[in-house]
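# Overview (structure and organization)
As a plain string of letters, each chain reads:
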Amino acid sequence: MVLFAGYLLARYNVLGQQGTKVLSALSFTVGLPSLMFSMIATRHITEVLSATGLISVVTAVACMTIFAAAGALRRWGTRRTVIGALTTGIVNSTNLGVPLSVYVLGSATYVTPIMLFQLALLTPVALTILDLADPKGHKLSVLKVVTTPFRNPVTVAAILGILLSALEVEVPELVLAPISLVAQMTVPLMLIIFGMSLHGLSLRGGTGDFAPTTLAVVLKSAVQPALAWVLAAHVFHLDQFSTFVVTACAILPTGQNVVLYAIRYNVGQALAQSTAVITTVLSVPLLLGAALLFG
């Protein structure tokens, strides 16, 4: 329904031609940093080291590596390849993962390692690469390379959150409350932006989008869940319920924040949007199938 609301805003041009761009800038510079800081700083960073969390990290990195290798071989471009790799590695752990974890699996802690990995490690690294991959081919100075992560609000928020979490510093409620309040706008805002971006979208994208989109969908909806099941059942020897948890988390579709990054950096928008739409549709029968398979 929130996606549909965003679609209607774009369909009837309620926010004007620059609506998506303005909302994306608001989410990227204010909402996401607030969400990242409030989430990481209030959790213990070692939560990401659980067995289920480790499997989620390994499967995500494996699929991203495969896409990156394909992008290098096919010369899809650094920025476009980064966006494509993110579509296979970043799952919708917030607005689909949390409800799934709470109402189906019984606890929100199952998706916490995924969220921490994506927010604290994967996203800052990816955004730094996007910042450094200068499309105009300008020569980068050492100073620019070193300071790039500290000029990105999302990365800065992650670094501060990690430091406070590692040092076990409790953020005063007077400071945390307004940040958490602002963070609450991020998920619905990203959904609205995603819905707006769907207006006029063709799943075929441009002439060069079919191959990367197909690869991203196959990696996200087929390879990652299968790899998660193999690791959980045959490598870590987890019980049936834990195996279902890992597999279900791997089935989660591409997160809407990847679409936000694509819009923000003006690269791979059709790739990100199409992959997010297709994997979201596929996630429903895949989750039902996994539930039946694992009882």
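Our subject is the structure listed above.
Described in the following lines is the structure provided in the data block. (Residues numbered from 1 in each chain as written. Predicted model: local features only at pLDDT ≥ 70, side-chain atom pairs only at ≥ 80, totals over all residues. Heavy atoms only, no water.)

## Brief notes about the overall build of the protein
To keep it simple, the criterion reads: A run of DSSP states H or I qualifies as a helix once it reaches four residues; a run of E qualifies as a strand once it reaches two. Both are numbered from the N-terminal end. Note on exposure labels: buried denotes an accessible area under 20% of the residue type's maximum, exposed denotes more than 50%, and partly exposed covers the range between, all computed with a 1.4 Å probe on protein chains only. By definition in these notes, contact holds between two residues if any of their heavy atoms fall within 4.5 Å. Using a 1.4 Å probe, the Shrake-Rupley method yields the accessible areas, and only the shown protein chains count as cover for residues.
The helix and strand inventory of the protein stands at 14 helices and 0 strands. Along the protein, helices (α) and strands (β) appear in the sequence α-α-α-α-α-α-α-α-α-α-α-α-α-α when read from the amino end. Put simply, the protein has 295 residues, and 48% of those count as buried. A fraction of 83% describes how many contacts in the protein between residues 6 or more apart in sequence connect residues 24 or more apart. Working note: accessible area of the protein is about 14000 Å², and carbon and sulfur atoms make up 69% of it.

## A short note on the packing of helix α13 (residues 256-265) against helix α14 (residues 269-293)
How we decide: Note on definitions: angles span 0 to 180 degrees between N-to-C directions of axes, and those axes are lines fitted to C-alpha atoms, for helices only across the stretch in contact. With respect to orientation, any angle under 35 degrees is reported as roughly parallel, any angle over 145 as roughly antiparallel, any angle of 65 to 115 as roughly perpendicular, and every other angle as oblique. Note on convention: the crossing is left-handed when the near helix lies turned anticlockwise from the far helix by less than a right angle, right-handed when the turn is clockwise.
One can describe the packing of α13 onto α14 by two numbers: an axis separation of 8 Å at closest approach and a directional angle of 165°. As far as their axial angle goes, α14 and α13 are roughly antiparallel. The interaxial crossing formed by α13 with α14 has left-handed handedness. Here V258, V259, A262 and I263 of α13 come into contact with α14, specifically with Q269, A272, Q273 and A276.

## Here's the deal with the environment of S242
Mapped onto the elements, S242 comes out in helix α12 (residues 240-251). The exposure class assigned to S242 is buried, which follows from its relative accessible area of 18%. Once the C-alpha coordinates of S242 and F294 are considered, the two residues, 52 residues apart in sequence, prove to be 10.0 Å apart.

## Thoughts on the pattern of salt bridges
Short version of the rule: Take a side-chain nitrogen of Lys or Arg and a carboxyl oxygen of Asp or Glu: if they are within 4 Å of each other, that pair is a salt bridge.
Scanning all chains against the criterion turns up 1 salt bridge. Of the charged contacts in the structure, one is a salt bridge between D209 and R80, with a shortest N-O distance of 3.0 Å. Here R80 lies in helix α4 (residues 78-89) and D209 lies in the loop between α10 (186-197) and α11 (210-235), a separation of 129 residues in the sequence. Residue D209 is classed as buried on the basis of its relative accessible area, which comes to 11%.

## Considerations on helix α6 (residues 112-132)
Selection rule: Multiplying 1.5 Å by the residue count of a helix minus one yields the expected span of that helix. Here the bend at each residue means the angle between axes fitted to two seven-residue stretches, the one ending at that residue and the one beginning there.
Taking 1.5 Å of rise per residue, 21 residues should cover 30 Å, and α6 covers 29 Å from first to last C-alpha, within 8% of that figure. The sharpest bend along α6 comes to roughly 40°, located at L122, with the proline P124 sitting one to four residues further on. Most of α6 is tucked away: 16 of the 21 residues are buried.

## A few points about the side chain of T254
Where we set the bar: Pairing of N or O atoms within 3.5 Å defines a polar contact, subject to two protein rules: one partner must be a possible hydrogen donor and the other a possible acceptor, and residues neighboring in sequence count only if both atoms are side-chain atoms.
Examined against the element boundaries, T254 turns out to sit in the loop between α12 and α13. Looking at T254, its side chain comes within polar contact range of the main-chain oxygen of T87, at 2.6 Å. When near neighbours in sequence (up to four residues on either side) are disregarded, T254 contacts T87, I90, V91, N92, K220, T275, A276 and T279.

## What about the nonpolar core?
Soluble globular proteins: nonpolar side chains tend toward being buried together. For the record, the criterion: Definition of nonpolar core: a set of buried residues of the types Ala, Val, Leu, Ile, Met, Phe, Trp, Tyr and Cys, connected through side-chain atoms within 4.5 Å.
In terms of nonpolar packing, the biggest core is built from 68 residues, with I83, L86 and Y261 touching the most fellow members. With 10 residues, α6 is the single largest residue contributor to this core. When near neighbours in sequence (up to four residues on either side) are disregarded, I83 contacts L130, V258, Y261, A262, V267, G268 and A272. The next biggest cluster of nonpolar side chains, apart from the first, holds 6 residues, and it includes I55, A228, A232 and A250.

## Thoughts on the packing of aromatic side chains
Under the convention used in this document: Between 30 and 60 degrees the pair is tilted, below 30 it is stacked and above 60 it is edge-to-face, where a pair is any two Phe, Tyr or Trp rings, Trp via its six-membered ring, whose centres lie within 6.5 Å. Placement of a positive charge over a ring is assigned whenever Lys NZ or Arg CZ falls within 6 Å of the ring centre and within 35 degrees of the normal to the ring plane.
All chains considered together, the criterion is met by 5 aromatic pairs. With centroids separated by 6.5 Å and ring planes inclined at 10°, the aromatic side chains of F4 and Y7 adopt a geometry described as stacked. Placement of the pair is F4 and Y7 together in helix α1 (residues 2-11), with a separation of 3 residues, close to one helical turn. Taking relative accessible area as the criterion, F4 reaches 48% and is therefore assigned partly exposed. Exposure remark for Y7: the relative accessible area of 30% places this residue in the partly exposed category. Aromatic side chains F28 and Y265 sit 6.1 Å apart centroid to centroid with 85° between the ring planes, which places their arrangement in the edge-to-face category. Here the residue F28 occupies a position in helix α2 (residues 19-41), and Y265 occupies one in helix α13, the gap between them amounting to 237 residues. Since its relative accessible area comes to 1%, F28 is described here as buried. Taken together, F28, Y261 and Y265 form an aromatic cluster joined through their ring pairs. The positively charged end of R11 is found above the aromatic ring belonging to Y12, 5.2 Å away from the centroid.

## Things to note about the environment of M196
The topology assignment puts M196 in helix α10. Those residues within four positions of M196 in sequence are excluded, and the remaining contacts are G6, Y7, L9, A10, L15, G19, T20 and L23.

## A short note on unusual backbone geometry
Although it is not a glycine, N13 sits at a positive phi angle of roughly 55°. Within the secondary structure layout, N13 lies in the loop between α1 and α2. Of note in this structure, N266 is not a glycine but carries a positive phi near 55°. Here N266 lies in the loop between α13 and α14.

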